[in-house]
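# Tertiary structure, described
Spelled out, the chains give:
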Amino acid sequence: MTNLNLIRFRSARRLCRVVHVSLIALTGLAAGAVFAGVGTPESEKQSGASKSNAAQRIDSLIEAKLKEQGMSPNAAIDDATFVRRAYINIGGRIPTIEEAEAFHADSYPQKRQRLIERLVSSEAYVSNFYHFWADLLRISSDLDAPVLAAYEMWVKQALRENKPYDELVYELVTATGEFWDSGATGYYFRDRGMPLDNMSNTVRLFLGTRLECAQCHNHPFDKWTQMDYFEMAAFSYGMSSRGKNSDNRRMIDSQLRSERKEVFIAATGIEDFPTINESKIDAFLENPRNSKWLEKHGLSESEFRALIAKGKTAVAEAESKADSMKEVIKQLYQPLKYSGVSENSKSQVKLPHDYHYSDAEPLSPVAAKTMFGADISAEQFDNGGINAYANWMTSPDNPTFTKVIVNRLWKEVFGHGLIEPLDELTDQTEASHPEVLAYLEDLMRELEYDMQAFLTVLYSTDTYQRAADSSEMVLGAPYYFPGPVLRRMSAEQIWDSVVALALPEADHYRPQVTKNLQSIERQRLIYESLEGRTPEEFKAMLEELAPLVGSAQPKLDELREKILAARNDDDQSLMRELRTEFSEAGKGVKRTINDVGYYKLEEMANDEVLIAAAGLTTVDLEQLASQDSTERNGMTITELPAVLPDKSEQSADREDGQKGKNKRKKLRRDDDDYRSYRALVSKMARASELDSPAPRGHFLRDFGQSDREMIENSADSASVPQALNLLNGPVVEALTNRYASFGNRLHQAGDVDAKTRMIFQAMLTREPTAKELSIVSTEVEQFGDDAYAGVVWSLLNTQQFLFVQ
Amino acid sequence: MSTAHKSDEFTRRRFMETTAKSFLGVGALGVASQTQAALGPNLGLPNRAGAAKHLIYLYMGGGMTHMDTFDPKPGHENQGQTKAINTNVDGIQISEYLPTLAKNADKLAIIRSLTSTAGAHQQGNYMMHTSYEERATIRHPGLGAWALKYKGRMNPNLPGAVFVGGDSRINGGGGFFEPEFEPLAINDPNAGLKNSKLRGVDQETFDHRLDLASKFDAEFHQRYNVKEVRAYTQMYDDAVRIMTSKDLAAFDLRQEDETVRESYGDNSFGQGCLLARRLVEHDVRAIEVSFGGWDMHNNVFIDAPEKCKILDQAVGALLNDLEKRGKLDDTVVVLTTEFGRTPRINQNAGRDHYPKAFSSVIAGGGVKGGTVWGKTDEGAENVIENPVKIPDFNATVAYALGLPLDNVIYSPSKRPFTVSHKGKPVLDLFA
């Protein structure tokens, strides 16, 4: 309850901000006018400058430092370079030909600003920044599939609705409840059974400090003591991702216990017979009080022991009858084993057994205490430890909370942090640009942790819109930001660029969304099936199931014997037959449990209802294409059209002047192309809409997609499998196939020049040079139409395709 | 602590990004031990000079039942339907499901006294591969990566480590080492190296198009003559080289005689073992072949014989083949798993997880064959002689490979680690 209230309180605090932002959206005001408020006089707020004063302020600080170093900034980039860079860095993919054309055709004076604002509030941004967060949060396939799906959706939704960073962190750190209600619980599921490591990760992620070394001893390179570590761990130690306590299960467990007791008592024949274990008998007898009890019942010690043994035997006999009941309960609750997170205030962290510092004894309990900044009082803590902790962490006054996020986002935009490494802050840490860092922290607080607004400022700077730096980075030396660092596209950006060329409206294509929603919904219904029953109904269900499950047992045993006999006779075919029968019988038991136990699964909503319930809408391609991108603020799903584009029409175009044999050959090739396109795109969608992380061996993983085992584990270093993928892998077909988005356009384009221009626009977002035009035309003279596929292949295998200039 | 370990993470990452080329690069590998490794405290552990060059690590995923493979207890009620058979070494019996290995027991060092406390799959698997407990703050490297770290790559055209199997994740991969220590993963041993063949074009066209690409890129290369870009040019050179290299054949099982292929068994694990042998012959340092499906909670006496049949044939063929080719002394073959299975048979005629006592095997690499080390009690429930903890087991393998057990390597977060977490090798297993 406290938890909910706090969230509500925080939401109220945000109310102004929300109104504020929707005003921007409604009036289409340039961000500059709004952001001008930061540290600037009132008069400047009205100026409506072409870029925000915040951006100007950053530029002047960066330029001053460059000057101080005797350096000058890099040249400003042209529109073509800008549109490609902005789409990649913000939207996570290169622009389509149409998008680049639309940008160039736009005559609005602040069109760069407008593009930045559109992109940061687009679905493309959600896709791109999902990977940024998933890599930080280690959202991996280790999580159970439905939990993973709910966590992914939660993070994407947070990005979509631009949840302020402090709220985002607050909700992750305090996440409790069932995962189908709160996807943020994935934060604790991820480190299930490892509350200490979870704390280390939290502190590293959000406070930029490495504590993990202090888990086993005082930190060897920093000031943190092992005691600091455990004091911090005490805050979140009680966050437990065990299965939700089930009232019905508790009820039946206690009933079974009391039944056991009754059997025991009945066997001893003495109503107040103590129910004790064998191991406790001696202790019982040593207690003088108990000898009175023995006297009262006229029992000798050996008679007493004999009665206990008798009672135990009776219980054991009764137990074996209850076996199928227990088996049923176990199976019923199996899917709910880990379904929720709760804060267990009783679980208290203790020092390790080998604690060897003088300030405390090994194994002594540790009280929570913050590592720096404000203290948390005992009363605050008693009102909910985790909430107090999260409030302390996400407070604008926390010494490192704001520093870490501004530096992270800065690095994401410019390719290099103002502090490196950005998650190992110590008292000695110095930023390359302390004034910039301080200003960014103020800006972030002023913007109330609105990440889209903050990013918009950074992307609007001249510093961002300068040529990527071409000088060799010096190891360990500070970087002065004459422009962004030259970077390779991330694995996801490379993949998504190919996808955007192959599929229409790739940003809205979500092939897995219904499957994911179903898996979450199924868990919820299982839970409701079990907990929605009254104790009487629950007991009745168990009593119905137990004999059904129990009666299957002899049949299974019999089959097992037969299989062994068949194996001894080496009768392979009989063995196979029996094994099938055996596995069917096993499945039958499972089915019975499903049918009787999870009755609510029958009520499973259909896909459309599920989609609507998740706040999604399905839109067909035509409708989507006709909408202006600014209107699409909801989450939409597009279906790939069954035939795409119209196959017969294409073939008809090609019939003119062709002889029958040729025609048939062409048609056959057509069919092959079509089949190969369908086969290819069936596995394609933006990386955020595929299994994430992709399985080992996938294109994405070869290019360094994070496996999400460690924080920030993605890589952009070269490896041979990458080259082999581009040289000999199937992706190039997704570009050149005549049924693919770009392939189709290319196919229909006019002469050599037009086709060449189109290829260069699609692949590199720029016009070909005169020399390049002539190279291609020579190619076409030599190889005819096949030359175009060759040129596309060649450009895919250039480094200018992979690197963001 | 010397300041040499305090290289900041940024420096390390840049270093990785600019010089690492994940499987054919030479840069980082050659100097790795100087940049990161440093002699740690003397743990008093013995190191072995010379030693084996290769590691073939056969992993039985799911928890291999010890009683039904290498530690049978004929006559005990826990044994169930599995019988024990004699081997070619007097006094050593193993399960009837492993007849080929029984004939090759003189090559095997059977360890029957492994003991651990990690009873869940992931934790046990991780522990066995790395000697460390799984932590959410770090990934530890596996034995193969450690071997590469200390001994380097042998064939510059091929990856230093290869993983064969369909597992969704690899425990004991490169861990916190640089990316090039990550094993190259082969899902299907029959498929060869992915994307290594020309696709829909002949060599001439391929070369022509490559040439075209470099023409288109000339201006860019001039403008951005930086390490990151040059690493990609280099990577393309390497990729094209391997496509035409004779070493590519290492991945091509079709070059084997049909009889040889059959001798390993017509299944992924068998063919994976064959691939491992080919890779050893092409000087790949470390190969893991993963064989899952040992989690026999139900019907162990139905499932174990079938699993064992595949295991027996493949490992038998591998050991004989390596010996015939003079490679067995150079190669440590390890057969291991995360834990054993409960000696007491459960109500579903299966066995559950049992880390308290289980078995593994080491062969080749100078290890004394025909040996049994350690002992469990009459019901195979408790280790009663020479217990071997997981770090001890890994120290034994590392010792066979001649890796320095004492040497400390610091992770990027500056935490100290050793190859087998201070485990003590079983020296009695060496001649």
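What you see is a predicted model; the values in this text were computed from it and never measured. (Residues numbered from 1 in each chain as written. Chains lettered and ligands numbered in written order. Predicted model: local features only at pLDDT ≥ 70, side-chain atom pairs only at ≥ 80, totals over all residues.)

A count of helical and extended segments in chain A gives 38 helices and 7 strands. When each of the 805 residues of chain A is scored for burial, the buried share is 41%. The long-range share in chain A, meaning contacts at least 24 apart out of those at least 6 apart in sequence, stands at 70%. (Helix = DSSP H or I, 4+ residues; strand = E, 2+ residues; numbered from the N terminus. Buried ≥ 20, exposed ≤ 12 C-beta atoms within 10 Å, placed from the backbone. Contact = placed C-beta atoms within 7 Å.)

Looking now at the sheet that holds strand β3 (residues 340-343) of chain A. Hydrogen bonds between backbone groups are what pair the strands of a sheet, and the pairing can be parallel or antiparallel. Residue and element names in this part refer to chain A. Strand order in the open sheet formed by 3 strands is β1-β3-β2, and the pairing between neighbours is antiparallel. Of all the strands in the sheet, the pair left with one neighbour each is β1 (177-178) and β2 (239-240). Judged from the 2 bridges that link them, β1 and β3 form a sheet pairing that is antiparallel. Residue pairing in the sheet places G177 in a bridge with V341 of β3. (Pairing = 2+ DSSP bridges.)

Let us look at the interface of chain B and chain A. Counting from both sides, the interface comprises 59 residues of chain B and, opposite them, 57 residues of chain A. If you list the elements that add at least two residues to the side of chain B that touches chain A, you get α1 (9-19), α6 (203-223), α7 (227-244) and α10 (300-324) of chain B. Of the residues forming the side of chain B that touches chain A, the biggest block, 10 residues, is contributed by α7 of chain B.

Residues and elements named next belong to chain B. Of all 6 residues in strand β8 (residues 286-291), 6 are buried; the element is thus mostly enclosed. Of the two faces of β8, the one holding A286, E288 and S290 and the one holding I287, V289 and F291 are both buried throughout. Both strand β2 (residues 54-60) and β8 contribute to a ladder of 6 bridges, which runs parallel. Along β8, the bridge assignment pairs Y59 with S290. Strand direction decides the pairing type here: strand β6 (residues 161-164) and β8, joined by 4 bridges, are parallel. Residue pairing across strands places A161 opposite A286, the latter belonging to β8.

Further remarks concern helix α14 (residues 247-268) of chain A. Residue and element names in this part refer to chain A. Taking 1.5 Å as the rise per residue, α14 with 22 residues should run 32 Å; its terminal C-alpha atoms sit 32 Å apart, in good agreement. Every buried residue belonging to α14 is among N248, F264, A267 and T268, and all of these are buried. Phi turns positive one or two residues past the end of α14, at G269, with a value near 75 degrees. (Expected span 1.5 Å × (residues − 1).)

Further remarks concern the confidence of the model for chain A. Residues with a pLDDT of 70 or more make up 89% of chain A, whose mean pLDDT is 86. Counted against residues more than four places away or in other chains, residues 1-50 of chain A, with its pLDDT under 50, gives 57 contacts. (pLDDT = per-residue confidence, 0-100.)

Attention now moves to the nonpolar core. Formed by 173 residues in total, the largest nonpolar core has its most connected members in F454, A502, L735 and V792 of chain A. Here this core takes 10 residues from helix α9 (residues 145-160) of chain A, the largest share from any one element. Beyond its immediate chain neighbours, meaning those up to four positions away, L735 of chain A contacts V498, L501, A502, A740, F742, G743, V792 and L796 of chain A. Counting 104 residues, the second largest nonpolar core, distinct from the first, contains F251, A349, Y354 and V361 of chain B. (Core = buried A, V, L, I, M, F, W, Y, C linked by C-beta atoms within 7 Å.)

Residues and elements named next belong to chain B. Mapped onto the secondary structure, G316 falls in helix α10. A residue is classified by how many C-beta atoms lie within 10 Å of it, and G316, with 22 of them, is buried. Among residues more than four places away in sequence, those in contact with G316 are T100, L101 and N104.

Looking now at unusual backbone geometry. Residue and element names in this part refer to chain A. Omega for the bond connecting E420 with P421 falls within 30 degrees of zero, at -10 degrees, which places this linkage in the cis form. Here P421 lies in the loop between α20 (401-414) and α21 (434-446). Residue P693 follows S692 across a cis peptide bond; omega there is 0 degrees. Inspection of the secondary structure assignment puts P693 in the loop between α30 (660-681) and α31 (699-702). Phi is positive for Y449, close to 60 degrees, though the residue is something other than glycine. By the secondary structure assignment, Y449 is in the loop between α21 and α22 (451-460).

All names here are of chain B. Along β2, 7 of the 7 residues are buried, which leaves the element largely enclosed by surrounding structure. Pairing analysis gives 7 bridges linking β2 to strand β9 (residues 331-337), with the strands arranged parallel. Looking at β9, one finds that I56 is bridged to V333.

Turning next to the environment of A51 of chain B. Residues and elements named next belong to chain B. Within the fold, A51 resides in the loop between β1 (37-38) and β2. Given 19 C-beta atoms within 10 Å, A51 falls into the partly exposed group. Residues A51 and D330, 279 residues apart in the sequence, show an inter-C-alpha distance of 7.3 Å. The residues contacting A51, other than those within four sequence positions of it, are G366, A400, L401 and G402.

We now examine the packing of helix α37 (residues 786-796) of chain A against α6 of chain B. For any two helices packed against each other, one specifies the crossing angle of their axes together with the interaxial distance. One way to put it is that α37 of chain A packs onto α6 of chain B with a least axis distance of 8 Å and a crossing angle of 60 degrees. With respect to α6 of chain B, the element α37 of chain A is oriented oblique. The element α37 of chain A and its partner α6 of chain B pack so that their crossing is right-handed. Residues G790, W793, S794 and L795 of chain A of α37 of chain A touch α6 of chain B, and the partners they reach there are R209, L212, A213 and F216 of chain B. Its residues placed into classes, the contact of α37 of chain A with α6 of chain B shows 5 nonpolar, 2 polar and 1 charged. (Axes fitted to C-alpha atoms, helices over the stretch in contact; angles between N-to-C directions. Parallel < 35°, antiparallel > 145°, perpendicular 65-115°, else oblique. Left-handed = near helix turned anticlockwise from the far one by under 90°. Nonpolar A, V, L, I, M, F, W, Y, C, P; charged D, E, K, R; others polar.)

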